[in-house]
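# Per-entry structural report
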Amino acid sequence: MGWRQSLQGADVPMARTIYLNEPLRNTFCKNSISTAKYSMWSFLPRYLYLQFSKTANAFFLFITILQQIPEVSPTGKYTTLVPLLVILVISGVKEIVEDYKRHMADKLVNSKNTIVLRQNAWQVIPWKEVNVGDIVKATNGQFLPADMVLISSSEPQATCFVATSNLDGETNLKIRQALSETATMKTEKQLSSLSGKIKCEEPNFHFNSFMGTLYLKEKSPISIGPDQVLLRGTQLKNTEWILGVVVYTGFETKFMQNAVKSPLKRSKVEKVTNMQILVLFLLLLVMSLVSCVGAIYWKDRYRAEPWYLGKKDYHSFGFDLLVFIILYHNLIPISLLVTLEIVKYIQALFINWDEDMHFKGNNVYAMARTSNLNEELGQVEYLFSDKTGTLTCNIMTFKKCSIAGIMYGDLPSKSDDGAKDLSQSPCFISDAYEFNDPALLQNFKNDHPTKEYIKEFLTLLCVCHTVVPEREGNNISYQASSPDEAALVKGAKKLGFVFTARMPNSVTIEAMGEELTFEILNVLEFSSNRKRMSIIVRTPEGQLRLYCKGADSVIYERLSEKSLFVEETLVHLENFAREGLRTLCVAYIDLTEIEYKQWLVMYKKASRAVRDRIQSLEDCYDSIEKKFLLLGATAIEDRLQARVPETITSLLKANIKIWVLTGDKQETAINIAYSCKLLSGQMPRIQLNTNSLEATQQVINQNCQDLGALLGKENDLALIIDGKTLKHALHVEVRKCFLNLALSCRTVLCCRLSPLQKAEIVDVVKKQVKAITLAIGDGANDVGMIQTAHVGVGISGNEGMLATNNSDYAIAQFSYLEKLLLVHGAWNYFRVTKCILYCFYKNVVLYIIELWFAIVNGFSGQIIFERWCISLYNVIFTSLPPFTLGIFERCCSQESLLRYPQLYRISQTGDIFNIKVLWIQCINAVVHSFILFWLPAKMLEHDVVLQSGYTTDYLFLGNFVYTYVVVTVCLKAGLETMSWNKFTHLAIWGSIMIWLGFFAVYSSLWPTIPVAPEMTGQGNMALVCPHFWLGFFIVPIVCLIQNVAWKSIRNTCHRTLLEEVREMESSGVQVLRRDSSQRSKVEEVNLQRSVSPRPCQVVFRNNSVDLGAPHGYAFSQVERAVISQEELVRSYDTTKSKPQRTFSATFE
Amino acid sequence: MAMNYNAKDEVDGGPPCPPGGTAKTRRPDNTAFKQQRLPAWQPILTAGTVLPTFFIIGLIFIPIGIGIFVTSNNIREIEIDYTGTDPSSPCYKCLSPNVTPCICTINFTLDQSFEGNVFMYYGLSNFYQNHRRYVKSRDDGQLNGDPSALLNPSKECEPYRRNEDKPIAPCGAIANSMFNDTLELFQVGNASDLMPITLKKKGIAWWTDKNVKFRNPPGTDPLEERFKGTTKPVNWVKPVYMLDSDEDNNGFINEDFIVWMRTAALPTFRKLYRLIERKNDLHPTLPAGRYYLNITYNYPVHSFDGRKRMILSTISWMGGKNPFLGIAYITIGSISFLLGVVLLVINHKYRNSSNTADITI
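In the annotation of an unreviewed UniProt entry, chain B is listed under the name Cell cycle control protein and assigned to Capra hircus. In its Sequence similarities (unreviewed entry) section, UniProt records this for chain B: "Belongs to the CDC50/LEM3 family."

The name recorded for chain A in an unreviewed UniProt entry is Phospholipid-transporting ATPase, from Capra hircus. Taken directly from UniProt, the Sequence similarities (unreviewed entry) text for chain A runs: "Belongs to the cation transport ATPase (P-type) (TC 3.A.3) family. Type IV subfamily." Under the Cofactor (unreviewed entry) heading, UniProt states for chain A: "Mg(2+)".

Laid out in structure tokens, this is it:
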């Protein structure tokens, strides 16, 4: 089968020609790579470009330029430039540090060593010196330095195995096979004498396609396909060595071609913030215009300006406007962006540091690959999850079986123990967790009536498969392309039926110590159509026998009437399926020699068929697979990752809707949905499996009608749809109906999806529902949806890196999602939004004061504060509180957030951060600034506040106001802070002290240091002035008393769940005690509201709804590989010893 | 952000090590900081928890307010407007610019005697000393005695930077518009005889201004020499080195000048003009009775609807008379107390009902 291309090399445009052993004629790019963003020279221009493409930074640059115009700036030339530079330097340092790491990593890769053939000898050279056309030798376990065409290998038939998990995330090994024409070239001499050329396509990013032609001298051209190509980034496995000729290097390798930049994602909060900056900008314009009008009015009042002002020139309206824009420009917080950048960076570090998300199994910590989306984690409404490797470990365990109508392995106490053990080290199989039912062996040994069946059953498990055993000392490990088969063989081994050796035509097993050899006559391969696989063997007794295992549906229809235990087994199958186990029925039939011979003739004919060979083979298989005698059924557990059901329950409580999108089969998906409690037994399942647009439309409409009024509400329904149907369902006409239907169901399972469809469905939900979506997956097929969703989470630590590399957050286990969302997400949302609102608040407070002052200074644009004090406001005096808010704020403890997932809704709904909230905050700030200006202004109305009777000046008032602003703003941060730790105290009290200290020092610099002459003596005078201190206590209190009163009244009258939880925490009620009556009441009430929708009482009038018990059949097997399963198993002789083999991908 | 390629993936044995770094460098210490378990105080803001604060604020602020208010009320202050806009005013004649010099006399009566040091201020209204072009029109370098700035004043002083090709000292609009009325005070004795009251010129400016910020050009020569090459401000009658006969109160360190140079915050402002020191403990500084205020009226304010006042005031520990702060304290204290009561009611109401209240999300 495979998909080796026919000789068509000639009609494909071949853009690249590689000459063998002629290095000078191959001039392509180097193999060294660089993933760094900047180089030494490009740093400055590129960095500046990136920074000034941010609107806010561009705005401040514009202000800086305006300030250079003489006469315009009320605050001097450099007062915006300096803070802007400080901010640019800070984020510049961050960029340099990050880029330095990338440079180092590149260097490490580029200097790795590999062996190439140069001057007729093997030489060790670093990766970066590998050129196109080089012949490279790689040994087992090595990563390949470039894309190359396989020439030969150490293995039989010139095959080799590669782990492609870095590229596509698939954990099974891929087989590559060299062309038979080159398979014999193994020595230096042979290789050096190789001459000819390879023509192939231009570099591209398709992993699974390659078109090339090999022109060897004096030989006809041979086509090269993907089966001959070894890609950079893959790792050689189970193969002693390979030789390959390099075709693509460096950035032209498929690996690097795939390393496109992930799309830049912006969080919802960021978008709202940009919106708010715009609002503030409008406010700035309005204020400037009002001030300009005020200036005109003021000038009009005097007809001529008063004589003492001197100059009689009138400024134009435009000039005044610029003056006021500069005066008020800091309404837009200059430090906001850099503050957020640092805050989010630290939040990301907290995620990386979290021990609760540290998977000790392979020492993997959670990793925030971007810090842009930290707060988005707190707003997730739709969760799209991959199945394999995300919900499951992708490890199959033989759990239960039913033999001759008796169920074994149903030991609840055992499985409980197992679960406990599991929580410690998930995904690592402990013996206690595997099939362990002594009854089976007892029955076997004590000559139970079913003894023969048990023996036959276990023999079947040992014989009927395509697993290859590997013997290392006394240990036997199994290598299988189907994890189900590996699980069954391992299960049989535990029960004393050990599959020991495979030879091309036979298998040897040890049945309870007795060595038996079965001659394998035919392998009737598995395909998803057939849903079964059979094997025809000659037993040691010489009997011809066909063993078959497959789906209950296909086996049952082929049972002979004589078959026993049919009813009992069916009941057991249903039980297995309800628990979410993957079931297979096993059966056998004894064949007579004549029967077999007749069939063999048919088989040979079919296998030679030119047309529809697969179809005729399957027909042929079918003809002998009949009149089965049922032996029983197996139940395999597709092991869920630790705490998956609990996590899902918790996320559901948090009002997150979970959709499972999988490329896997429908049966498997349903099994998993049952075992992770997404589906429950009595939940009606709407299954959409159609083939045409019309049918899809019709069935969707029908279901919508059946739902009637319940449409659009959350119902206790499951929707199951496959890829083919989904293609139609996402058609423009049907899309809306389909989404309505899907959103009315509690659970949605989409099966058999292509990676593109996964991305598409995420995109549709994202656009139609306008909710925040999160996609989680581990494989290459999840990359699309991970990139499409608002937040992409990759499961890391397994071998696949592609999902991780494209994700925004990487975690080792699905269950860590709970902490990531409910704790980090919620906290980060609170932190970021509070930080942003606070930054807006503090700037509005300070700069609206200039407007109040403008009213009394004739709208001249005079500033009331010293110019550098203004500039340092955001950089020093009020820079710390936003950080503590952004880094340390906690609405309540982690335990509470995890215990009450309902708390997640506060951040999910986004009620605490929107334009309305911003306006409230702004109005609050305006009120505060009003108080902050007019109270001191009235206090100093008569200029005589000093004990020595001295009079004061405008800056004296300015310093009063500034001090009160700093105090008020810092205390306001304290008021917003829900959790004060030592840093909060430091930031709040520290900021006030820093200002007072600075004030004292700064007032005595002139003329020693030529700055701030107008500040001279201000500190000495103000700090001893009784009014200053009397105001120091009253002004902030006047501002904040309203906030405190409002807050406490609201908290008292309208107590939120959050408040309740916080009160519980601080009143010392042990959060860990579950049986507190009050809490359980809270929990109950909320539980009822959030999780359990009404039981669905819809009467469905269509046949797409499945109310019956689920079927558990599921089986995974690679189909359409380069070599068929039969060929593969027949190529092994495991009785011969093979040195230097390491099997990292065996199912041990 | 980052490219989706991680070079370390390719390092041998890469997959088992966590992405983005080796296991060695990424092992965090399990500190409370890193695990976000720092001990923290969670303030609970409910009516019950904050109401004591409100009462305390009320209880503290009201007495303080009363204290401040009483202190302010005990300060003696008298304000005399001598602008002369009213035709009945003795200074009405001075509004016309033709009368030079114009001297007018206003008599007033002190009902109560002023004790302790008495401070004499002049006050101007509707005078925008805080106007941007006014505020910046000075050269602090020049005022600090910097010789180069003396002869080459800052551009900010325009158009009062140079006059007739000579640099103006002191330059700028502030100096140019210096207040130049002369005020004299006479006590009307028992026999209608006028007893002049000693007005002290020195000690009216901030110490730092007098000694740090303002300095005459360096040198030991007479002041006139040191100011050589400069010219007087356009509006001034005398050059800066002739402001006073006292060497220590002349030139840039003339205290009247220094006081004027501190530009006021509001368009209505006062400037300290003279000190009347108390004589001894037995006699009040200014006993109750009749007084004459003698004004040499130079300063034009009529053109911009300004007003001129003379203020006599005593000083307490908290400065001059201003009841505002006291009232503010009393008001805030009362409001706080009232809010406390409101909260008490709310707390009472909701504490009883909270047990049965439905928990809302």
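Don't stop here, the text continues.
All right, on to a nonpolar patch on the surface then. Residues and elements named next belong to chain A. Taken together, Tyr78, Val82, Val86 and Ile90 make up a surface patch of nonpolar side chains, about 310 Å² in accessible area. Within the secondary structure layout, tyrosine 78 lies in the loop between helix 2 (55-68) and helix 3 (81-110). Given a relative accessible area of 46%, tyrosine 78 falls into the partly exposed group.

With that settled, consider the environment of aspartate 146 of chain B. All names here are of chain B. Positionally, aspartate 146 belongs in the loop between helix 3 (140-143) and helix 4 (147-151). The spatial distance from the C-alpha of aspartate 146 to the C-alpha of glutamate 225 is 15 Å, given a sequence separation of 79 residues. In terms of polar contacts, aspartate 146 uses its side chain to reach the side chain of serine 148, at 3.1 Å.

A cis geometry characterises the amide bond from tryptophan 1006 of chain A onward to proline 1007 of chain A, with omega recorded as -5°. Along the chain, proline 1007 of chain A falls in the loop between helix 33 (982-1002) and helix 34 (1018-1023). In this structure, the amide linkage connecting alanine 169 of chain B to the following residue, proline 170 of chain B, adopts the cis form with an omega of -10°. Note that proline 170 of chain B resides in the loop between strand 5 (166-167) and helix 5 (173-176). Backbone geometry places methionine 512 of chain A, a non-glycine residue, at a positive phi of 50°.

Grouped together as the largest cluster of nonpolar side chains are 221 residues, with contacts concentrated most on Phe933 and Phe956 of chain A together with Phe108, Phe257, Trp260 and Leu312 of chain B. For this core, the two domains that each supply at least three residues are domain 1 (44-75 + 321-361) and domain 2 (81-314) of chain B. Once residues within four sequence positions are removed from consideration, phenylalanine 956 of chain A is found in contact with Leu940, Val945, Leu946, Gln1018, Met1021, Ala1022 and Cys1025 of chain A together with Trp206 of chain B. Counting residues in each nonpolar core, the second largest holds 78 residues, with Ala404, Ala487, Ile535 and Ala606 of chain A among its members.

This part is about the sheet that holds strand 1 (residues 16-19) of chain A. Residue and element names in this part refer to chain A. If you trace the four strands from one edge of the open sheet to the other, you get 1-8-9-10, paired in antiparallel fashion. Each edge of the open sheet carries a strand with a single partner, namely strand 1 and strand 10 (222-224). Mean inter-strand twist for the sheet, computed between neighbouring axes without regard to direction, equals 25°.

Attention shifts here to the pattern of salt bridges. Residues and elements named next belong to chain A. This model, assessed by the stated rule, comprises 58 salt bridges over all chains. A salt bridge links aspartate 622 to arginine 558, with the nearest nitrogen and oxygen atoms 2.6 Å apart. One end of the pair, aspartate 622, is in helix 17 (residues 613-624); the other, arginine 558, is in the loop between helix 14 (552-556) and helix 15 (566-578), and 64 residues separate them in sequence. Classification of arginine 558 by relative accessible area gives buried; the value is 13%. Among the salt bridges present, the one from aspartate 716 reaches arginine 746, with a minimum N-O distance of 3.1 Å. One end of the pair, aspartate 716, is in strand 29 (residues 715-722); the other, arginine 746, is in strand 30 (residues 745-751), and 30 residues separate them in sequence. The pair formed by aspartate 716 and arginine 746 is uniform in burial state, with each residue classed as buried. It is possible to trace a salt-bridge network through shared partners that takes in Arg530, Arg532, Glu557, Arg558, Asp622 and Glu625.

Rules of the game
- Every residue gets a number counted from 1 within its own chain, in the order that chain's sequence is written.
- The naming scheme follows written order: chains are lettered A onward, ligands numbered 1 onward.
- Under the rules for a predicted model, residues below a pLDDT of 70 receive no local features and side-chain atom pairs below 80 are neither given nor counted, while totals for whole chains, interfaces and linings still include all residues.
- Heavy atoms throughout the structure, all of them, feed into the side-chain values; hydrogens and water do not.
- UniProt positions are given in the numbering used here, feature names are shortened, and annotations may be inferred rather than shown by experiment.
- The residues that make up patches have over 30% relative accessible area and no salt bridge, and they are joined within 9 Å when like-charged or within 5 Å when they are Val, Leu, Ile, Met, Phe, Trp or Tyr.
- Using a 1.4 Å probe, the Shrake-Rupley method yields the accessible areas, and only the shown protein chains count as cover for residues.
- Any Lys or Arg side-chain nitrogen located within 4 Å of an Asp or Glu carboxyl oxygen qualifies as a salt bridge.
- Segments assigned H or I by DSSP are reported as helices when at least four residues long, segments assigned E as strands when at least two residues long, and all are numbered from the N terminus.
- Summary of the burial criterion: residues with accessible area below 20% of their type's maximum are buried, those above 50% are exposed, and those between are partly exposed, where the area comes from a 1.4 Å probe applied to protein chains only.
- Throughout this description, a polar contact denotes any pair of N or O atoms lying within 3.5 Å of each other; where both atoms belong to protein, one of them has to be capable of donating a hydrogen while the other can accept it, and for residues adjacent in sequence the pair is counted only when both atoms sit in side chains.
- Buried residues of nine kinds, namely Ala, Val, Leu, Ile, Met, Phe, Trp, Tyr and Cys, make up a nonpolar core once their side-chain atoms join them within 4.5 Å.
- Domain limits in this description derive from either an automatic procedure or a database domain assignment.
- Any pair of residues with heavy atoms lying within 4.5 Å of one another is described as a contacting pair.
- The pairing criterion is simple: DSSP has to find at least two bridges between the two strands.
- Each axis is a line fitted through C-alpha atoms, taken for helices only over the stretch in contact, and angles between the N-to-C directions span 0 to 180 degrees.

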